[in-house]
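So the chains spell out like this:
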Number of protein chains: 2
Amino acid sequence: MSPSVKLNQELLRLHPAACRALSRLGLDLFFPKGIPLQAAQAADTQWNATIGQCTDDDGQPMPLPIMARRLANMNSKEVFLYTPQGGRKDLRQAWKKHILREASLFDYDNVEMSLPVACSGLTHGLSIAAELFMDSETHVFLPRPRWGNYNLIFGVRVQPQQHNYELMTHQNGVLKLNIDDLVTQIKASVKSGAKKLVLVLNFPSNPTGYTLTKEEADRLAEALDGVFVDVSEDEEDHPVLTIVLDEAYHGMEWEDDCLRESLFFRLSKLNRRQFLICKVDGSTKEMFFFGGRIGFLTFATSPEAASILEEKVIGCIRSAISALSSVAQSLLVEALNSDDLYEQQAKNRDVLKERYEVMKSSLAGTHLVCWPFNSAFFVIIETSLDSEQVRLELLQKGVGVVSISSMNAIRISYSTVPASEIPQMVQIIEDTLKKHS
Amino acid sequence: MSPSVKLNQELLRLHPAACRALSRLGLDLFFPKGIPLQAAQAADTQWNATIGQCTDDDGQPMPLPIMARRLANMNSKEVFLYTPQGGRKDLRQAWKKHILREASLFDYDNVEMSLPVACSGLTHGLSIAAELFMDSETHVFLPRPRWGNYNLIFGVRVQPQQHNYELMTHQNGVLKLNIDDLVTQIKASVKSGAKKLVLVLNFPSNPTGYTLTKEEADRLAEALDGVFVDVSEDEEDHPVLTIVLDEAYHGMEWEDDCLRESLFFRLSKLNRRQFLICKVDGSTKEMFFFGGRIGFLTFATSPEAASILEEKVIGCIRSAISALSSVAQSLLVEALNSDDLYEQQAKNRDVLKERYEVMKSSLAGTHLVCWPFNSAFFVIIETSLDSEQVRLELLQKGVGVVSISSMNAIRISYSTVPASEIPQMVQIIEDTLKKHS
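About the thresholds
Once a new chain begins, its residue numbering starts again from 1 and follows that chain's sequence as written. Following the order in which they are written, the chains are lettered starting with A and the ligands numbered starting with 1. It should be noted that, the model being predicted, local features are given only for residues of pLDDT at least 70 and side-chain atom pairs only at 80 or more, the latter also being counted only at that level, while totals for whole chains, interfaces and linings use all residues. With hydrogens and water set aside, each side-chain value is computed from the structure's full complement of heavy atoms. Numbering of helices and strands starts at the N terminus; helices are DSSP runs of H or I of at least 4 residues and strands are runs of E of at least 2. Here, residues are in contact when the closest pair of their heavy atoms is within 4.5 Å. Residue-level accessible areas treat just the shown protein chains as cover; the underlying method is Shrake-Rupley with a 1.4 Å probe. Paired strands are those between which DSSP finds at least two bridges. Only the stretch in contact is used when fitting a helix axis, every axis being a line fitted to C-alpha atoms; angles between N-to-C directions are given from 0 to 180 degrees. Throughout, nonpolar core names a set of buried Ala, Val, Leu, Ile, Met, Phe, Trp, Tyr and Cys residues whose side chains join them through atoms within 4.5 Å. Per-residue accessibility, obtained with a 1.4 Å probe over protein chains only, is compared with the maximum for each type, and a residue is labelled buried under 20%, exposed over 50%, and partly exposed between these values. We superpose the copies by least squares over the C-alpha atoms of residues that have a pLDDT of at least 70 in both of them. The term polar contact refers here to a pair of N or O atoms within 3.5 Å; inside protein, the definition further demands a hydrogen-donor-capable atom paired with an acceptor-capable atom, and it admits residues adjacent in sequence only when both atoms are side-chain atoms. Accessible-area loss on putting two parts together, using a 1.4 Å probe and summing over both, is the definition of buried area adopted here. Here a salt bridge means any side-chain nitrogen of Lys or Arg lying within 4 Å of a carboxyl oxygen belonging to Asp or Glu. Amino acids are sorted into nonpolar (Ala, Val, Leu, Ile, Met, Phe, Trp, Tyr, Cys and Pro), charged (Asp, Glu, Lys and Arg) and polar (every other residue, Gly among them). If the strands point away from the viewer and the path from the first strand over the helix to the second runs clockwise, then the crossover is right-handed. What counts as a disulfide here is a pair of cysteine sulfur atoms lying within 2.5 Å. Boundary definitions for the domains trace back to an automatic or database domain assignment. For a helix, the expected span equals 1.5 Å multiplied by the number of residues minus one. Note: the arc covers the axis-to-C-beta directions of the helix. Centres within 6.5 Å are what make two rings of Phe, Tyr or Trp a pair, Trp counting through its six-membered ring; a difference in plane orientation under 30 degrees is then read as stacked, over 60 as edge-to-face, and the rest as tilted.

## What about the overall build of chain A?
Moving on, step 1. Helix and strand content of chain A: 18 helices and 14 strands.
Moving on, step 2. Over its C-alpha atoms, taken along the principal directions, chain A stretches across nearly 75 × 65 × 40 Å.
Moving on, step 3. In chain A, of all internal contacts separated by at least 6 residues, the share reaching a separation of at least 24 is 72%.
Moving on, step 4. Carbon and sulfur atoms make up 48% of the accessible area of chain A, which amounts to about 15,800 Å² in all.

## Some remarks on the sheet that holds strand 13 (residues 402-404) of chain B
Residues and elements named next belong to chain B.
Moving on, step 1. Strand order in the open sheet formed by 3 strands is 11-14-13, with antiparallel pairing between adjacent strands. Strands at the two margins of the open sheet, each flanked by one partner only, are strand 11 (378-382) and strand 13. Each adjacent strand pair in this sheet contributes to an overall mean axis angle of 30°, direction not counted.
Moving on, step 2. Across 5 bridges, strand 11 lies against strand 14 (residues 409-413) in antiparallel orientation. From the neighbouring strand, I380 faces strand 14, where its bridge partner is R411.

## Thoughts on the nonpolar core
Moving on, step 1. Counting residues in each nonpolar core, the largest one holds 313 residues, and the members touching the most others are L201 of chain A together with L201 and I243 of chain B.
Moving on, step 2. Not counting residues up to four positions away in its chain, the partners in contact with L201 of chain A are Y165, L182, L220, L224, I243, V244, L245, D246 and L263 of chain A.

## Regarding the relation of the copies chain B and chain A
Taken together, a rotation about one axis and a shift along it account for how the two chain copies relate.
Moving on, step 1. Mapping chain B onto chain A leaves a residual RMSD of 0.0 Å; the transformation is a rotation of 180° accompanied by 0.0 Å of translation along its axis. Such a combination of turn and shift is consistent with a two-fold rotation axis.
Moving on, step 2. Residue by residue, 100% of the interface of chain B is reproduced at the interface of chain A, so both copies engage with the same surface.

## Some remarks on the pairing of strand 6 (residues 174-177) of chain A
Looking down a regular strand, the side chains alternate between one sheet face and the other.
All names here are of chain A.
Moving on, step 1. Here 4 bridges tie strand 5 (residues 168-171) to strand 6, and the two strands are oriented antiparallel to one another. Pairing of Q171 across the sheet is with V174, part of strand 6.
Moving on, step 2. In this antiparallel pair of consecutive strands, strand 5 and strand 6, the connection spans 2 residues, and N172 shows a positive phi of 50°.

## Looking at helix 15 (residues 326-336) of chain A
Moving on, step 1. Among the 11 residues of helix 15 of chain A, 10 are classified as buried, and the element is accordingly described as predominantly covered.
Moving on, step 2. Of the residues flanking the start of helix 15 of chain A, the one acting as N-cap is S325 of chain A, its side-chain oxygen 3.2 Å from the backbone nitrogen of A328 of chain A.

## A word on the interface of chain B and chain A
Moving on, step 1. Contacts between the two partners involve 108 residues from chain B, matched on the other side by 108 residues from chain A.
Moving on, step 2. Both faces considered, chain B and chain A share a buried interface measuring about 9,400 Å² in area, 56% of it formed by carbon and sulfur atoms.
Moving on, step 3. By the criterion of area lost to chain A, the three top residues of chain B are W47, R70 and R157 of chain B, representing 9% of everything that side buries.
Moving on, step 4. Applying the counting rule to chain B against chain A returns 8 salt bridges.
Moving on, step 5. The salt bridge involving R157 of chain B is made with E131 of chain A; its shortest N-O contact spans 2.6 Å.
Moving on, step 6. Counting across the chain B and chain A interface gives 70 residue pairs in polar contact (both at pLDDT 80 or more).
Moving on, step 7. Considering every element that reaches the side of chain B that touches chain A, the biggest residue donor is helix 16 (residues 341-364) of chain B, with 7 residues.
Moving on, step 8. Counted by class, the side of chain B that touches chain A contains 56 nonpolar, 34 polar and 18 charged residues.
Moving on, step 9. Judged from the 2 bridges that link them, strand 12 (residues 399-400) of chain A and strand 1 (residues 47-48) of chain B form a sheet pairing that is parallel.

## Concerning the pairing of strand 4 (residues 161-166) of chain B
Residues and elements named next belong to chain B.
Moving on, step 1. Both strand 3 (residues 139-144) and strand 4 contribute to a ladder of 6 bridges, which runs parallel. Looking at the pairing, L142 lines up with N164 of strand 4.
Moving on, step 2. With helix 9 (residues 150-156) bridging strand 3 and the parallel strand 4, this β-α-β connection has right-handed handedness.

## Digging into the state of the cysteines
Moving on, step 1. With the rule as written, the count across this model stands at 0 disulfides over all chains.
Moving on, step 2. With no disulfide of its own, C54 of chain B lies closest to C258 of chain A among cysteine sulfurs, the gap being 17 Å.
Moving on, step 3. Not part of a disulfide, C258 of chain B finds its nearest cysteine sulfur in C370 of chain B, a span of 16 Å.

## What about the side chain of T208 of chain B?
Residue and element names in this part refer to chain B.
Moving on, step 1. Relative to the assigned elements, T208 resides in the loop between strand 7 (196-202) and helix 11 (214-225).
Moving on, step 2. Taking relative accessible area as the criterion, T208 reaches 0% and is therefore assigned buried.
Moving on, step 3. Engagement of the side chain of T208 in a polar contact is seen with the side chain of S205, the distance being 2.6 Å.
Moving on, step 4. A polar side-chain atom of T208 sits 3.1 Å from the main-chain amide nitrogen of Y210.

## Regarding the pattern of salt bridges
All names here are of chain B.
Moving on, step 1. In total, this model carries 49 salt bridges over all chains according to the counting rule given.
Moving on, step 2. As a salt-bridge pair, K279 and D281 come within 3.1 Å of each other at their nearest N and O atoms. Of the two residues, K279 and D281, neither departs from the other in class, the shared state being buried.

## Some points on the sheet that holds strand 11 (residues 378-382) of chain A
All names here are of chain A.
Moving on, step 1. Read from one edge to the other, the open sheet built from 3 strands follows the order 11-14-13, with strand pairing classed as antiparallel. Edge positions in the sheet fall to strand 11 and strand 13 (402-404), since each of these pairs with one other strand and no more. Mean inter-strand twist for the sheet, computed between neighbouring axes without regard to direction, equals 30°.
Moving on, step 2. Packing of helix 17 (residues 387-396) onto the sheet brings it into contact with strand 13 and strand 14 (409-413), and relative to strand 13 it is tilted by some 170°.

## Details of the domain arrangement of chain A
All names here are of chain A.
Moving on, step 1. Under the domain assignment used here, chain A contains domain 1 (3-31 + 85-336), domain 2 (34-44 + 54-80) and domain 3 (341-436).
Moving on, step 2. Between the C-alpha centres of domain 1 and domain 2 the distance comes to 34 Å.
Moving on, step 3. Between domain 1 and domain 2, the buried area comes to about 500 Å², and carbon and sulfur atoms account for 63% of it.
Moving on, step 4. In terms of surface lost to domain 2, no three residues of domain 1 exceed S326, V327 and S330, which account for 60% of the buried area on that side.
Moving on, step 5. Counting the contacts that link domain 1 with domain 2 gives 2 residue pairs in polar contact (both at pLDDT 80 or more).
Moving on, step 6. Here the residues of the side of domain 1 that touches domain 2 sort into 3 nonpolar, 2 polar and 1 charged.

## Comments concerning helix 11 of chain B
Helical geometry note: an α-helix holds 3.6 residues per turn, so side chains three or four residues apart project in the same direction.
Residue and element names in this part refer to chain B.
Moving on, step 1. For helix 11, built from 12 residues, the straight-helix expectation of 16 Å at 1.5 Å per residue is met to within 8% by its first-to-last C-alpha distance of 17 Å.
Moving on, step 2. Among the residues of helix 11, E216, A217, L220, A221 and L224 are the ones counted as buried. Projection of helix 11 onto a plane perpendicular to its axis shows the buried side chains occupying an angular sector of 135°, all on one side.
Moving on, step 3. As for helix 11, its buried residues are in contact with strand 6 (174-177), helix 10 (179-191), strand 7, strand 8 (240-246), helix 12 (263-267) and strand 9 (275-282).

## Some details on the packing of aromatic side chains
Residues and elements named next belong to chain B.
Moving on, step 1. Using the criterion set out here, one finds 30 aromatic pairs over all chains in the structure.
Moving on, step 2. Ring centres 5.2 Å apart and planes at 35° place the aromatic pair Y108 and F265 in the tilted group. Pair noted here: Y108 is in the loop between helix 7 (89-105) and strand 2 (117-119) and F265 is in helix 12, with a separation of 157 residues, a long-range link. F265 carries the same exposure label as Y108, and that label is buried.
Moving on, step 3. Residues F377 and F378 carry aromatic rings whose centres are separated by 6.0 Å and whose planes lie at 55° to one another, so their mutual orientation is tilted. There is no split in this pair, since F377 and F378 are both buried.

## Let's talk about unusual backbone geometry
A negative phi holds for most residues other than glycine; trans holds for most peptide bonds.
Moving on, step 1. The amide bond that connects F203 of chain A to the next residue, P204 of chain A, takes the cis arrangement and shows omega of -15°.
Moving on, step 2. For P204 of chain A, the position within the fold is in the loop between strand 7 (196-202) and helix 11 (214-225).
Moving on, step 3. The linkage connecting N206 of chain B with the following residue, P207 of chain B, adopts the cis geometry, with an omega of 15°.
Moving on, step 4. Within the secondary structure, P207 of chain B sits in the loop between strand 7 and helix 11.
Moving on, step 5. Within the chain, F288 of chain B stands out as a residue other than glycine whose phi angle is a positive 55°.
Moving on, step 6. Counting through the fold element by element, F288 of chain B comes out in the loop between helix 13 (283-286) and strand 10 (295-300).

As structure tokens, then:
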């Protein structure tokens, strides 16, 4: 009997929706404890001949000096040797503390969550969620517009039944967040017999730069709680909804009415016979560590179910990339444990917030048609005409933007533009678009 | 029409076996050029507002000072910002140069190969090969014994038709490399109608610590060239064999008669209507950079077909983890371009080779039943009795080894044991096993 069978049986008892949400691969995965366990038991032996690493006669790493000289300021063992599968334990604990600090700041009590498993950046976190919870039988609900890589991660890779919900809709002529569409589509799929559903939520959103207001977060949480209202609660084969939170841009909320804390806390108490909540976040944007490639996966669940879900995730990572970058983990764990972290983070955010403010006020003085934006790095501007042509013209004028042809719009990422130069850049964009209107 | 369709059509023309070897996912993959292309075109604009990174008003990264201080000795842009998909171009070129240097040292001319694509360590390279070339229709041939993680990477993950070939066999009472078994099994599968076959070769081998002698390499290459001898060469639906070379321990060959160079060169000229050769290697062991997580995938193919296969690999990486660790790439590219690289590498190898020599001579003076070993970090010792019990007893005596229950054997990794202490360790192992015999 595969070790996965026992894991699945226990998970079904402890968190029914989590088990029933698993894909074929998710069901089959486990973490083989063979060599890692034997190596752990041998850690204190005089001669630990269990593992395929190299150390010198004093047990120290043997990096090439041309590499070591660059990291002379770091602990050689921490950077040149392997780290445990699923990430360093102290790093995972520090990230959990980081999440719980936020829960506490926003007055959420008794948040039950797994120990975050470290992965190789946000994309990896999302693709693990895709592999664990999506296959051809799964109904997946993706926002439109969305980050282009979703099409590979949640489409090409796992080929689920794909549904697209409209993120925004016009209400009385104003573009607003669209909660109805995703709820309506989920309910319709349930009605037509879908048993495994996955909703991907991305707030703050790429490419729109929009995040939920607190009021919208309340409404969304309530609406999600009600998606199974038409299903009898004790139905044997009750459908399950996994909610994957892509929080890549978490912490970059610029308006006072924005939801500041993770949606994870609001959703964590949803019925575990029906729901599984999976938070994907990381240091890439939140800690300004783009080159580090450290993300995390965390589940809202009981401690007993958590250890099983963590094992599934670690088995998935083991089978795909094995250990993560040691240097990046070392840098991040030190930062997370530093008293200066939040002050330094705030300083960087202030720079971005100022750019946001200038962007907003500059746009307000134009006739440009912008989508609502209040967070992350982005604003979407409609072009009415061919956006690719607009992009190429802007390139000639020294402005690089992304064209989104499918919606006749361009995406401006203001996170790299000095605040003092934003008005001039906006002026150029307006002039260019005016020509075409 | 998906961009993948055009790629597949061209690949079929340029390297028929490579296209016909692709899995469902391999066929579907491509690299979406949208934002990366637009970002590349905007690289020189005054305001590059294409990408979700943060830079300060001077275009410099904005790392948290608590992280930056540790890497003050490195180029901040190189370590804190994103690197291109598939790895830095200069790194990929440096690795290609590294491979071609070897080809030249061993007198292989005109080796046609792709530009190596960087991935997140050896496991990742293997799992990419699994995803691109294995699905439920593929017949996969894995060595026995093998690294345990093969069962996840090539088994649980992609669920092919799995065959196990015996790596060693007794010939006149002596354990020898077994070339016949893998060839016989491949031929039998072809005969029974298998169309897509993948052979995984792992030399130097984990867990045996054995690699091919030059003579065995010649015989193996010849035998592989002949696996399709019973199939008409112009058969429309000719079966194809992908050979995945797991060269994690490349460079760690300790005997004069060992094959020193990659098997890639010998196999690279195999008929491209029938064969695809995929080399997986990296810096983990070869450059003693265990914590770095940088591996490479390289194909033996024409320049035109190479660019398509590279795109498939990069699409696969984009969909699974996106960019790689920037710090690790920066360290590795500098090392590869350093004049001191091979001297420093040789120095480390000398330490390991000495341990190997002492291990070999110590074992020679015992009655222990060892498998042939001549490379990598390992030696396998048969235990006749329950190997798990032996392992636990050895633990008590300060010796950590890995037990391989399925073959009643233990694996000793001598790469972490000082040469001067190896005789004592071997003595303890012999005493313990004697008790049980």
